Amino acid sequence: MRKLIIAGNWKMYKTIGETIELANALKRQLYDLGSETVDIVICPPFTSLSEAAEVVIESNIALGAQDMYWQEEGAFTGEVSAPMLKDAGVKYVIIGHSERRQFFSETNDSVNKKVKAALNYGLIPIMCVGESLKDREAGLTFKVLEDHVTGGLKDLGPEQVEKIIIAYEPVWAIGTGKTATPAQAQEAHKFIRDLVIKLYNKQTGELLRIQYGGSVKPENTKELMGQPDVDGALVGGASLKADSFSSIVKSSSEVKK
Ligand code: PGA
């Protein structure tokens, strides 16, 4: 059985003060949720990571970052490295989010370098993949998923891939209020899992956790999380309010598969 993992991607929202407030509210609302049911992650912006770490330390909430650079240190103005994230108390790191691919020239090659570096430093990458509306309408969904998955995982061994989380995020569903239907999500997740089984082996594919992302909200959580190959959610907008994120986490913890 794969444990569900619900992660909140706060994007470029929340000052330090707002981060402390939201993280404290989540801690209060989720404190009685046993860690055996679901993994909970919040990913605030870089500037808030240290303070968020102090709030969630020794709680059932783990900390994630939204990006990183693959070098350990050096003259790379504006970048943040994996050891720096570890030092700030980070456990997970989102890599290759579609907004980074779209606005900041992220490619499968840079995603692959970042995934490798994250693993080398003991961070768990949440590697994002997903097709645009244009891709879907042109019948290219599986082709894009195959490119993203094979490109992002290039040269990684099975024991490394087992540690990774893949987030399937159809770009047309992100921040649009349009959610993939549970059947569409299941179809894409199954494709990704079968591809990983083909590239590696059955065990690796079965252990791999695949999150769905794209307009996840309290009302659609149960149905999406109930799909056999959906192992969690990467939540944007609905993770910015304590009530809605807690409700998504709680509904997920009640899903029986
Ligand atoms: P959304 O964002 O939940 O606001 O659609 C998801 C994401 O971008 O990870």
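On a predicted model such as this, the values are computed, not experimentally measured, just so you know. (Residues numbered from 1 in each chain as written. Predicted model: local features only at pLDDT ≥ 70, side-chain atom pairs only at ≥ 80, totals over all residues. Heavy atoms only, no water.)

Caption draft 1: Structural detail: empty space enclosed by the protein. Applying the stated criterion across every chain yields a total of one cavity of 30 Å³ or more. The computed volume of the largest cavity comes to approximately 30 Å³. A class-by-class count of the residues in the lining of the largest cavity yields three nonpolar, four polar and two charged. (1 Å grid on protein atoms, 1.4 Å probe; cavity = no way out; pocket = protein on both sides within 12 Å on 5 of 7 lines; lining within 4 Å. Points joined across faces, edges and corners; volume = space filled by probe spheres on them. Nonpolar A, V, L, I, M, F, W, Y, C, P; charged D, E, K, R; others polar.)

Caption draft 2: Here's a closer look at the environment of leucine 123. If you trace the backbone, leucine 123 turns up in the loop between helix H5 (108-120) and strand S5 (124-129). When the C-alpha atoms of leucine 123 and glutamate 106 are compared, they prove to be 19 Å apart, with 17 residues separating the residues in sequence. When near neighbours in sequence (up to four residues on either side) are disregarded, leucine 123 contacts Met68, Ala82, Leu85, Lys86, Val90, Lys91, Val93 and Ala118. (Helix = DSSP H or I, 4+ residues; strand = E, 2+ residues; numbered from the N terminus. Contact = heavy atoms within 4.5 Å.)

Caption draft 3: Examining helix H9 (residues 182-199) more closely. Here H9 spans 25 Å end to end across 18 residues, near enough to the 26 Å set by a 1.5 Å rise per residue. What H9 keeps buried is the set Pro182, Ala185, Gln186, Ala188, His189, Ile192, Arg193, Leu195 and Val196. (Expected span 1.5 Å × (residues − 1). Buried < 20%, exposed > 50% of the residue type's maximum accessible area, 1.4 Å probe, protein only.)

Caption draft 4: Examining the site of the ligand more closely. Contacts to the ligand come from 13 residues, most closely from Lys11, His97, Glu169, Gly175 and Ser215. Between the ligand and lysine 11 there is a distance of 2.7 Å, counted from an oxygen atom to a side-chain nitrogen or oxygen. In this structure, glycine 237 approaches the ligand through a main-chain N or O atom, which is 2.8 Å from an oxygen atom. Coverage of the ligand by the protein amounts to 95% of the 280 Å² it exposes when considered alone. Of all the cavities here, the one that holds the ligand is the second largest pocket. Classifying every residue of the shell around the ligand gives four nonpolar, seven polar and two charged. (Near = heavy atom within 4 Å. Polar contact = N/O pair within 3.5 Å; in protein donor to acceptor, adjacent residues only side chain to side chain. Areas by Shrake-Rupley, 256 points an atom, 1.4 Å probe, with all protein chains shown as cover. Sits in = over half its atoms within 2 Å of the grid points.)

Caption draft 5: How the structure looks around the nonpolar core. Within the largest apolar cluster, 68 residues are counted, with the highest numbers of intra-cluster contacts made by Ile6, Leu26, Ile42, Met68, Leu85, Ile166 and Tyr212. Of all hydrophobic cores here, the second largest spans twelve residues; its members include Ile5, Cys43, Ile126 and Cys128. (Core = buried A, V, L, I, M, F, W, Y, C linked by side-chain atoms within 4.5 Å.)

Caption draft 6: Molecular detail of the layout of surface pockets. Roughly 540 Å³ of volume is contained in the largest pocket. In terms of lining, the largest pocket is formed by 16 residues, of which the most central are Lys11, Met12, Gln66, Arg100 and Phe104. Among the elements that line the lining of the largest pocket, the one with the most residues is helix H4 (residues 98-103), at three residues. Approximately 250 Å³ is the volume found for the second largest pocket. Among the residues forming the lining of the second largest pocket, the class breakdown is seven nonpolar, nine polar and three charged.

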